[in-house]
Amino acid sequence: MDQSQKPSFTYFTVLVLGQFPRFLLNYLDIDFEDKYIDKIEDSFRAQLKYGQVPYFVDNDGFSLTQTGPIIRYIASKYANADFLGKTLKDKAIVDETINAVLTDVVLQGYKVRKGVEDIKTLDTIIPRYFGSFEKSLASSTGKFICGDYVTLADLCVFIAFHYFIYLGHSESLTSYTHLHELKAHFESNAGIQKYITTRPVSEKGI
Ligand SMILES: N[C@@H](CCC(=O)N[C@@H](CS)C(=O)NCC(=O)O)C(=O)O
């Protein structure tokens, strides 16, 4: 296999799931090829293990689908050792948080925006999940979910918070001051600034 190729990432222009690897790759300042697609061509679909994107290919040709495993793999390989949690329990909390963000928060927000789910769903989702993330940050011994060091859980919570503001729910999120501080923390990262300001905007608004 060619060891010299750049990692690549493929997903649609919409943000939904693809924004997690994209935010992470930019946050870690990884030189990668970002491929935006409008549709999955048949020949490409045949390469995808479950016929769907997100799709990540590492610099040695190793490929992965499934958002959670992609971001955990990238973090394990390219971030510092603590980024997935320093202790067994911190690792479990990081995992618990990522799972909540990917399955219970972001997909629900997307479904509401798409009109597949009633807007009233958010009356439960926002206080249940963002309320809980806020509580974790407020009771932390440091600025982050696991205390004084940043993890992939913090990045995922930031992405979900950022996404809900993008989807138009900022008024319901005003009172979450620790989440706003977390947002300011990540938005000060040069890679994240670059990604947010240069990414293509989907007309679909999702
Ligand atoms: N469980 C998968 C879900 C992947 C998924 O639903 N992908 C959608 C886009 S968000 C897709 O590829 N849709 C196009 C299609 O099925 O043709 C993950 O977490 O990555």
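Cut-off values and rules
Residues numbered from 1 in each chain as written. Predicted model: local features only at pLDDT ≥ 70, side-chain atom pairs only at ≥ 80, totals over all residues. Heavy atoms only, no water. Buried < 20%, exposed > 50% of the residue type's maximum accessible area, 1.4 Å probe, protein only. Helix = DSSP H or I, 4+ residues; strand = E, 2+ residues; numbered from the N terminus. Pairing = 2+ DSSP bridges. Right-handed = clockwise from strand over helix to strand, strands pointing away. Axes fitted to C-alpha atoms, helices over the stretch in contact; angles between N-to-C directions. Parallel < 35°, antiparallel > 145°, perpendicular 65-115°, else oblique. Left-handed = near helix turned anticlockwise from the far one by under 90°. Contact = heavy atoms within 4.5 Å. Near = heavy atom within 4 Å. Polar contact = N/O pair within 3.5 Å; in protein donor to acceptor, adjacent residues only side chain to side chain. Areas by Shrake-Rupley, 256 points an atom, 1.4 Å probe, with all protein chains shown as cover. 1 Å grid on protein atoms, 1.4 Å probe; cavity = no way out; pocket = protein on both sides within 12 Å on 5 of 7 lines; lining within 4 Å. Sits in = over half its atoms within 2 Å of the grid points. Domains from an automatic or database assignment. Buried area = accessible area lost by both parts, 1.4 Å probe. Salt bridge = Lys/Arg side-chain N within 4 Å of Asp/Glu carboxyl O. Nonpolar A, V, L, I, M, F, W, Y, C, P; charged D, E, K, R; others polar. Core = buried A, V, L, I, M, F, W, Y, C linked by side-chain atoms within 4.5 Å. Points joined across faces, edges and corners; volume = space filled by probe spheres on them. UniProt positions renumbered as here; feature names shortened; annotations may be inferred.

Novice: What am I meant to see in the pairing of strand S1 (residues 8-12) here?
Specialist: Residues in a regular strand project their side chains so that they alternate between the two faces of the sheet. Across the 5 residues of S1, 4 count as buried, placing the element largely inside the fold. Relative to strand S2 (residues 33-37), S1 runs parallel, the two sharing 5 bridges. If you follow Phe12 over to S2, its bridge partner there is Ile37. The β-α-β motif built from S1, the intervening helix H1 (residues 19-27) and the parallel element S2 has right-handed crossover chirality. Here S1 pairs with strand S3 (residues 55-57) via 3 bridges, running antiparallel. Note that in S3 the partner of Thr10 across the bridge is Tyr55.

Novice: How should the packing of helix H4 (residues 88-114) against helix H6 (residues 152-166) be read in this particular structure?
Specialist: In helix packing, the relevant descriptors are the interaxial angle and the interaxial distance, both defined with respect to the helix axes. At a minimum axis separation of 9 Å, H4 and H6 run at an interaxial angle of 15 degrees. On the basis of the axis angle, H4 is roughly parallel to H6. By crossing handedness, the relation of H4 to H6 is classed as left-handed. In this structure, H4 uses Val94, Thr97, Ile98, Val101, Val105, Val106, Gly109 and Tyr110 to contact H6, whose residues at the interface are Leu152, Ala153, Cys156, Val157, Ala160, Tyr163 and Phe164.

Novice: In this structure, what is going on with the site of the ligand? I would like to understand it.
Specialist: Around the ligand sit Tyr11, Phe12, Leu17, Ile40, Arg45, Gln52, Val53, Pro54, Gln66 and Thr67, and that is every residue in its neighbourhood. In the model, an oxygen atom of the ligand is placed 2.8 Å from a nitrogen or oxygen of the Gln52 side chain. Contact between the ligand and Thr67: an oxygen atom at 2.8 Å from a side-chain N or O atom of the residue. When isolated, the ligand has an accessible area of 520 Å², and the protein chains bury 68% of it. At a threshold of 2 Å from the grid points, most atoms of the ligand map onto the largest pocket.

Novice: Quick question: what am I supposed to make of the domain arrangement of the chain here?
Specialist: Interfaces are often described in size by the accessible area the parts lose on coming together. For the chain, the assigned domains read domain 1 (8-79 + 191-198) and domain 2 (82-189). Once you take the C-alpha centre of each, domain 1 and domain 2 turn out to be 20 Å apart. Listed per partner, the contact involves 20 residues of domain 1 and 23 residues of domain 2. In this assembly, domain 1 packs against domain 2 so that about 1900 Å² is buried in total across both faces, 75% of it on carbon and sulfur atoms. Among the residues of domain 1 in contact with domain 2, Phe20, Tyr27 and Arg72 are the three that bury the most area, contributing 32% of the side total. Linking domain 1 to domain 2 there are 1 salt bridge. The closest approach of N and O atoms between Asp95 and Arg72, which form a salt bridge, is 2.7 Å. Applying the counting rule to domain 1 against domain 2 returns 5 residue pairs in polar contact (both at pLDDT 80 or more). Across the side of domain 1 that touches domain 2, the residue classes tally to 12 nonpolar, 7 polar and 1 charged.

Novice: Can you walk me through the nonpolar core in this structure?
Specialist: In this structure, Val16, Phe130, Phe133, Leu152, Leu155, Tyr163 and Phe164 are the most contacted members of the largest nonpolar core, which totals 69 residues. Broken down by element, this core gets its largest block of residues, 11 residues, from H6. Each of domain 1 (8-79 + 191-198) and domain 2 (82-189) accounts for three or more of the residues forming this core. Those residues in contact with Phe164 that lie beyond four places of it in its chain are Val105, Val106, Gly109, Leu122, Ile125, Ile126, Phe130, His169, Ser170 and Leu173.

Novice: Where do I start with empty space enclosed by the protein in this structure?
Specialist: Over the atoms, a rolling probe the size of a water molecule traces out where space has been left empty. If you walk through the whole model with that rule in mind, you get 1 cavity of 30 Å³ or more. Around the largest cavity, the lining residues are Thr13, Val14, Leu15, Gln19, Arg22, Tyr36, Tyr195, Arg199 and Pro200. Partitioning the lining of the largest cavity into residue classes produces 5 nonpolar, 2 polar and 2 charged.

Novice: Sorry if this is basic, but what is going on with the UniProt feature "domain: GST N-terminal" (unreviewed entry) in the chain here?
Specialist: When the UniProt feature table is mapped onto this chain numbering, "domain: GST N-terminal" (unreviewed entry) sits at residues 5-82. Overall, residues 5-82 shows 32% helix and 21% strand. The separation of its end C-alpha atoms is 27 Å.

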